[in-house]
There are 2 protein chains.
Amino acid sequence: MTAKVKFKTNGSFNTKVGKSNTGAETAETKNLLIAELLASGQITDPASRRGQLLNAAARLFEQKGYTATTVRDIAAAVGILSGSIFHHFSSKEDILCCTMQEVTRFASARMRVAIFQASSAEDKLRACIRCELEAIHGLAVPGFSILVNEWRSLSASRQALVLGLRDHYEQLWLESLSAVLGTQRRDLPLVRRLLLGALAHTHNWFKPEGKELTLPQLAEQVFVLFVPQPPSRQPTSL
Amino acid sequence: MTAKVKFKTNGSFNTKVGKSNTGAETAETKNLLIAELLASGQITDPASRRGQLLNAAARLFEQKGYTATTVRDIAAAVGILSGSIFHHFSSKEDILCCTMQEVTRFASARMRVAIFQASSAEDKLRACIRCELEAIHGLAVPGFSILVNEWRSLSASRQALVLGLRDHYEQLWLESLSAVLGTQRRDLPLVRRLLLGALAHTHNWFKPEGKELTLPQLAEQVFVLFVPQPPSRQPTSL
DNA sequence: AACGCTACCAAGCAAGCGCTTGGTTTTCAA
DNA sequence: TTGAAAACCAAGCGCTTGCTTGGTAGCGTT
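Close to DNA strand D lie 17 residues; A:Arg49, A:Leu81, A:His88, B:Thr70 and B:Lys92 are nearest. Of all atoms in DNA strand D that approach within 4 Å of the protein, 56% are sugar or phosphate atoms. Within the backbone of A:Leu81, one N or O atom sits 2.8 Å away from a phosphate oxygen of DNA strand D. One nitrogen or oxygen atom from the side chain of A:His88 is found 2.7 Å from a phosphate oxygen belonging to DNA strand D.

Right under this line is the structure:
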């Protein structure tokens with residue numbers, strides 16, 4: 001279950017990165033990431049039928065919601081009939097569960113790489129925030145928002161399957177937070193939950209294509225708000 | 001549309017309040033609030049059939065979700081048959097829309113009273129946070145969470161109906177925030193959205209009946225985190 | 001007493017749902 | 001070339017859904 005996956009971030013991903021440590025990864029590094037996950041058996045080949053179905057499901061569940069998406073929709077998206085789906089998945093809920101698992105694995109790996117590429121502790125946290133925002137708004141991890149929105153659609157037993165993978169993701173956050181806010185702070189889990197909640201909720205109001213507030217700007221604003229700034233930078237009215 | 005409702009908070013609600021300005025209201029003040037809203041025609045009489053249906057729908061939508069709740073469920077909850085519902089509402093979506101409107105009106109009025117009862121600007125903001133948390137976790141405003149969770153289930157035209165009422169609610173937040181953080185801060189709308197997002201997300205992890213972290217404690221933690229504290233209270237490692 | 005109105009019941013319709021079944025095509029290794 | 005497994009189609013089953021229809025009981029007004 002808790003397979004010990006040693007991800008090869010040693011020299012593969014930090015080659016093409018220049019000075020912008022908190023920047024988004026290139027398309028090449030993304031493909032490299034997918035190849036790595038594919039080789040380690042963590043995700044399904046997107047070229048296979050099963051992979052096509054999972055990608056289509058992720059997109060449809062994100063757009064229309066789980067219950068509003070029919071198995072006929074998913075099947076039609078890849079050009080097969082609805083009945084044929086059940087040669088790949090045992091049920092509709094199974095599709096949702098598998099989608100969530102692969103999305104979680106991909107998002108975790110992506111964040112791990114982003115943290116690795118950043119140098120300072122502050123930039124690592126910035127990378128996390130930016131990573132999360134990009135995922136939430138569909139710019140990097142298709143289907144990421146269903147992890148929040150469709151959680152209730154999953155039965156308790158299947159929730160447990162995804163929850164195991166989610167632990168690792170949240171651990172990455174905790175480490176990044178503690179490196180900036182200090183390991184002795186006892187409210188780190190609380191801060192992490194509030195921060196992730198604030199980020200998740202941007203899904204309802206922030207539009208990344210807007211010119212007024214770009215995603216990197218939003219990320220920096222969030223960083224400034226959650227991390228106590230040194231008084232030299234902070235304009236105080238006292 | 002934007003009816004100017006002059007709520008009589010002059011002397012009705014601040015009589016029974018002692019020193020705990022950020023505390024929850026008593027059952028009496030809640031009933032008074034309902035009576036006021038009922039008299040001003042903002043909500044339906046909970047004793048009427050329509051009111052019973054709206055309350056049942058709010059509870060069921062919150063528990064099971066909109067699509068998972070059938071009109072037969074709602075009808076059975078008040079002891080009538082499913083077909084009879086459509087003498088009170090035009091459609092199932094109409095039920096959701098009306099529920100959201102009344103929930104929004106009630107939550108707005110409740111927050112207005114809480115703000116009024118608090119004295120200092122800091123305590124007014126604390127009251128807002130506590131109000132929101134109590135609403136989110138079903139302790140004060142049944143059906144409040146569907147405003148977030150089931151927003152997508154509403155068509156755009158009906159969303160507009162609820163959105164108009166929501167504006168007022170968010171205005172209350174902005175005023176409370178600006179009174180504490182300063183009116184000159186230009187990121188107030190952003191802070192409000194991040195704060196509301198963080199609070200909304202507590203729905204997924206915080207359990208108000210837990211002994212380890214009570215709701216008032218959580219509210220205070222959130223307040224401390226979002227409002228820059230004076231350096232005397234803030235333990236700095238520098 | 002007759003009326004009209006509201007609220008409700010009993011029954012069911014049309015549509016859509018997840019999923020099954022039996023049979024056909026495709027794939028690919030031996 | 002052959003055989004078997006995997007992948008898929010065509011059809012539809014059983015069920016649930018939101019909603020409709022025709023009729024009726026109750027109630028207050030005139």
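Moving on from the model shown.
Residues and elements named next belong to chain B. For the pair helix 7 (residues 156–181) and helix 8 (residues 188–201), interaxial distance at closest approach is 10 Å and the crossing angle is 110°. On the basis of the axis angle, helix 7 is roughly perpendicular to helix 8. Between helix 7 and helix 8 the crossing geometry is right-handed. In this structure, helix 7 contributes Glu-170, Trp-173, Leu-174, Leu-177, Ser-178 and Leu-181 to the contact, and helix 8 contributes Leu-188, Pro-189, Val-191, Arg-192, Leu-195, Leu-196 and Leu-199.

Another aspect to go through is helix 4 (residues 92–117) of chain B. With 26 residues, helix 4 of chain B extends 38 Å from end C-alpha to end C-alpha; this agrees with the ideal 38 Å at 1.5 Å per step. Of all 26 residues in helix 4 of chain B, 23 are buried; the element is thus mostly enclosed.

This brings us to the protein's contact with DNA strand C. Taken together, 17 residues are adjacent to DNA strand C, and A:Thr70, A:Lys92, B:Arg49, B:His87 and B:His88 come closest. Restricting attention to atoms of DNA strand C within 4 Å of the protein, one finds that 59% of them are sugar or phosphate atoms. Here a phosphate oxygen of DNA strand C sits 2.7 Å away from a polar atom, N or O, in the main chain of A:Lys92. The contact in question runs from a phosphate oxygen of DNA strand C to an N or O atom on the side chain of B:His88, over 2.6 Å.

All names here are of chain B. If you walk through the whole model with that rule in mind, you get seven aromatic pairs over all chains. Residues Phe-144 and Tyr-169 carry aromatic rings whose centres are separated by 6.2 Å and whose planes lie at 55° to one another, so their mutual orientation is tilted. Taken together, the residues span a long stretch of sequence, with Phe-144 in the loop between helix 5 (121–136) and helix 6 (146–149) and Tyr-169 in helix 7 at a distance of 25 residues. The exposure class of Tyr-169 is buried, given its relative accessible area of 6%. The side chain of Lys-92 reaches across the aromatic face of Tyr-66, ending 4.3 Å from its centre.

Turning next to the interface of chain B and chain A. Taken together, the contact pairs 28 residues of chain B with 29 residues of chain A. Of the roughly 2300 Å² buried between chain B and chain A, counting both surfaces, carbon and sulfur atoms make up 68%. Ranking the residues of chain B by area buried against chain A places B:Arg152, B:Leu194 and B:Leu225 at the top, with a combined share of 27%. At the junction of chain B with chain A, the criterion picks out two salt bridges. For the salt bridge of B:Glu150 with A:Arg152, the shortest nitrogen-to-oxygen distance reads 3.2 Å.

We now examine helix 3 (residues 71–78) of chain A. Residues and elements named next belong to chain A. Here helix 3 has its buried residues at Val-71, Ile-74, Ala-75 and Val-78. Buried residues along helix 3 cover an arc of 95° about the axis, so they all sit on one side. Exposed and oriented more than 90 degrees from the buried face of helix 3 are Arg-72 and Ala-76. Buried residues along helix 3 sit against helix 2 (49–64) and helix 4 (92–117). Remark: Gly-79 follows helix 3 within two positions and exhibits a positive phi of approximately 85°.

Our next topic: the relation of the copies chain B and chain A. Least-squares fitting of chain B to chain A yields an RMSD of 0.1 Å, with the superposition described by an axial translation of 0.0 Å and a rotation of 180°. These values place the two chain copies in the arrangement generated by a two-fold rotation axis. The C-alpha atom lying nearest the rotation axis in chain B is that of B:Ala198; the distance is 2.1 Å. When the interface residues of chain B are mapped onto chain A, 100% of them again fall at the interface, so both copies present the same face.

Attention now moves to the nonpolar core. Counting residues in hydrophobic clusters, the biggest one holds 137 residues, and the most contacted among them are A:Trp173, A:Phe226, B:Trp173 and B:Phe226. Setting aside its immediate chain neighbours within four residues, A:Trp173 contacts A:Met111, A:Leu125, A:Cys128, A:Ile129, A:Glu132, A:Arg192, A:Leu195, A:Leu196 and A:Leu199.

So, on to the environment of B:Glu209. The residue B:Glu209 is located in the loop between helix 8 and helix 9 (215–226) in this model. Among the residues examined, B:Glu209 registers a relative accessible area of 60% and is labelled exposed.

On to the packing of helix 5 of chain B against helix 9 of chain B, then. All names here are of chain B. With their axes 9 Å apart at the nearest point, helix 5 and helix 9 run at an angle of 130° to one another. Relative to helix 9, the element helix 5 lies oblique. The chirality of how helix 5 crosses helix 9 is right-handed. Here helix 5 contributes Glu-122, Leu-125, Arg-126, Ile-129, Arg-130, Leu-133 and Glu-134 to the contact with helix 9, which in turn contributes Leu-215, Pro-216, Leu-218, Ala-219, Glu-220, Val-222 and Phe-223.

All right, on to the pattern of salt bridges then. One pass over the full model with this rule turns up 22 salt bridges over all chains. The salt bridge partner of A:Arg185 is A:Asp187, with a shortest N-O separation of 3.0 Å. Look at A:Arg185 and you get partly exposed, because its relative accessible area is 28%. For A:Asp187, a relative accessible area of 18% translates into the label buried. Ionic pairing is found between B:Glu134 and B:Arg110, a salt bridge with its closest N-O pair at 2.6 Å.

Now for the environment of B:Cys97. Residue and element names in this part refer to chain B. Here Cys-97 lies in helix 4. In this structure Cys-97 comes out as buried when scored by relative accessible area, which is 1%. Note: C-alpha distance between Cys-97 and Ser-155 (58 residues apart in sequence) is 9.3 Å. Excluding residues within four positions of it along the chain, Cys-97 makes contact with Leu-154, Arg-158, Leu-161 and Val-162.

Here a disulfide denotes one covalent bond, and it connects the sulfur atoms of two cysteines. Inspection of every chain in the model, using the stated rule, returns zero disulfides over all chains. We note that B:Cys98 lacks a disulfide partner, and the nearest cysteine sulfur, in B:Cys97, lies 5.6 Å from it.

Criteria and cut-off values
- The residue numbers shown here count from 1 along each chain, following its written sequence.
- Starting at A for chains and at 1 for ligands, labels are handed out in the order in which the entities are written.
- Where local features are concerned, this predicted model is filtered to residues with pLDDT of at least 70; where side-chain atom pairs are given and counted, the filter is 80 or more; whole-chain, interface and lining totals use all residues.
- The basis for the side-chain values is all heavy atoms of the structure; hydrogens and waters are excluded.
- Each residue is tested against the molecule or strand, and it is near if at least one of its non-hydrogen atoms lies within 4 Å.
- As used in this structure description, the phrase polar contact means that two N or O atoms lie within 3.5 Å; if the pair is within protein, one of them must be able to donate a hydrogen and the other to accept it, and residues adjacent in sequence are counted only when both atoms belong to side chains.
- Axis geometry follows a simple rule: fit a line to the C-alpha atoms, using only the stretch in contact for helices, then measure angles between N-to-C directions, giving values from 0 to 180 degrees.
- Numbering goes from the N terminus for both helices and strands, where a helix is a DSSP run of H or I of at least four residues and a strand is a run of E of at least two.
- Throughout this description, any angle smaller than 35 degrees is read as roughly parallel, any larger than 145 degrees as roughly antiparallel, any in the 65 to 115 degree range as roughly perpendicular, and the remainder as oblique.
- Take the far helix as your reference; a near helix turned counterclockwise from it by less than a right angle gives a left-handed crossing, and one turned clockwise gives a right-handed crossing.
- The contact rule is simple, with two residues in contact once any of their heavy atoms fall within 4.5 Å.
- Multiplying one less than the number of residues by 1.5 Å gives the expected span of a helix.
- Remark: exposure states derive from per-residue accessible area (1.4 Å probe, protein chains only) relative to the maximum for the residue type, with buried under 20%, exposed over 50%, and partly exposed in between.
- Stacked, tilted and edge-to-face pairs are distinguished by plane angle, under 30 degrees for stacked and over 60 for edge-to-face with tilted covering the rest, among Phe, Tyr and Trp rings (Trp via its six-membered ring) whose centres lie within 6.5 Å.
- Here, a charge over a ring is recorded when the distance from Lys NZ or Arg CZ to the ring centre is within 6 Å and its angle to the ring normal is within 35 degrees.
- Accessible-area loss on putting two parts together, using a 1.4 Å probe and summing over both, is the definition of buried area adopted here.
- We define a salt bridge as a side-chain nitrogen of Lys or Arg found within 4 Å of a carboxyl oxygen belonging to Asp or Glu.
- Relevant arc is that of directions from the helix axis to the C-beta atoms, nothing else.
- Overlaid copies result from least-squares superposition on C-alpha atoms, with residues included only where pLDDT is at least 70 in both.
- The nonpolar core is taken to be a set of buried Ala, Val, Leu, Ile, Met, Phe, Trp, Tyr and Cys residues, with the residues joined through side-chain atoms within 4.5 Å.
- Pairs of cysteine sulfur atoms within 2.5 Å are what we label disulfides.

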